[in-house]
Amino acid sequence: MKKMLLITASLLSAFGFSAQANDRYRERPPVIVSPDLTAPWIMQLGGQVNPAPAVRSQQRQGQVYYRQQAPRAVYRQAPPSGRQPIFAPRTQSTQIRPPQIRHQQPRMQVQAAAVRPNPVIRQGLEPQFLPQMVDYRTDKAPGTIVIDTNNRFLYLVMENGQAKRYGVGVGKPGFEWAGTHTVTRKAEWPSWHPPKEMIQREAAKGHYLPVSMEGGPENPLGARAMYLGSTLYRIHGTNAPWTIGSAVSSGCIRMRNEDVTDLYQRVDVGTKVFVM
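Every chain's residues receive numbers from 1 upward, in the order its sequence appears when written. The predicted origin of the model limits local features to residues at a pLDDT of at least 70 and limits the giving and counting of side-chain atom pairs to 80 or more, whereas totals for whole chains, interfaces and linings rest on all residues. Note: side-chain values were computed over all heavy atoms of the structure, leaving out hydrogens and water.

**Regarding the sheet that holds strand E3 (residues 132-135)**
No. 1: Overall, mixed pairing links the nine strands, which are arranged E3-E6-E5-E4-E13-E8-E9-E10-E12 in an open sheet. Among the strands making up the open sheet, the edge pair consists of E3 and strand E12 (253-254).
No. 2: Should DSSP find at least two bridges between two strands, the strands are taken to pair. A run of H or I in DSSP counts as a helix once it spans at least four residues, and a run of E counts as a strand once it spans at least two, with each numbered from the N terminus. For strand E8 (residues 179-188) and strand E9 (residues 224-228), the ladder comprises five bridges, and the chain directions are antiparallel. Across the sheet, Arg-185 pairs through a bridge with Tyr-227, a residue of E9.
No. 3: Docked against the sheet, helix H4 (residues 257-266) engages strand E4 (145-148), strand E5 (153-157), strand E6 (162-167), E8, E9 and strand E10 (234-236), running at close to 55° with respect to E9. Contacts are assigned to residue pairs that have any heavy atoms within 4.5 Å of one another. All axes here are fitted lines through C-alpha atoms, helices being fitted over the stretch that makes contact, and every angle between N-to-C directions spans 0 to 180 degrees.

The structure is reproduced here in structure tokens:
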């Protein structure tokens, strides 16, 4: 009998508890979502965060309300005693100062240093160095070659007081010479064998010459050469026609390739050559 009473009492209490629970959660509370959690996602989607409406006094079942939150106050925590803060406050020496107006100092006049002008390099041959017929009074026989080193002219004496004049390049300072010789040999597109003295002299300047070079357009002797006596001097062409009219050689008389070719056809071995 007692067991039956206990079972009946426990059943009644269980039904009463479930009834109270149903009455308690009959109306579900609204879900409140903070704007702080949704704002970043809306911003990533390109939307605009609208301020949430205020919570209404009457709440209905199944609706979601957003509660506006007051702006949070940020307080800086003081560093513990004995430790320096990571970002120290600005002191008087680190305060941003207004820009100072500087008085512009008068510029000092500096005198320009004297500069030596660069040497003028001829781009073309000057007209007076082109081959031409001129009046030339001399006691030399026709067919004789006369070289005026001071004026950079070579004269091939002709009859009736005439001469054919060519422009030439002559020896540079220290390599001038004068004398009388004869043409002992003629060569077309001659090979070049610079003497040992020239090789050593140019090597001291940093220019290294070959021991020999076959004839051709790149050869310094040019298209033709006429050798003077037993000397190392020649009347020859050049691969640098812009040097005609200058003192740039090591003693040889240089001409344009077309001019030396014309002279080569007019003279023979044994022709007298006077260098003044």
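What follows picks up the thread again.
**As for the nonpolar core**
When a protein is soluble and globular, its nonpolar side chains tend to lie buried together.
No. 1: With 20 residues, the main nonpolar core has Ile-145, Leu-154, Ile-235 and Leu-263 as its most contacted residues.
No. 2: For this core, the secondary structure elements donating two or more residues are E4, E5, E9, H4 and strand E13 (272-275).
No. 3: If we ignore the near neighbours within four places in the chain, the residues touching Leu-263 are Ile-145, Leu-154, Leu-156, Tyr-166, Met-226, Ile-235 and Met-255.
No. 4: For this analysis, a nonpolar core means a set of buried residues of the types Ala, Val, Leu, Ile, Met, Phe, Trp, Tyr and Cys, connected via side-chain atoms within 4.5 Å. Buried means the residue's accessible area, taken with a 1.4 Å probe over protein chains only, is under 20% of the maximum for its type, while exposed means over 50%, and partly exposed covers the values in between. Listed in part, the nine residues of the second largest apolar core include Tyr-136, Val-146, Phe-153 and Tyr-155.

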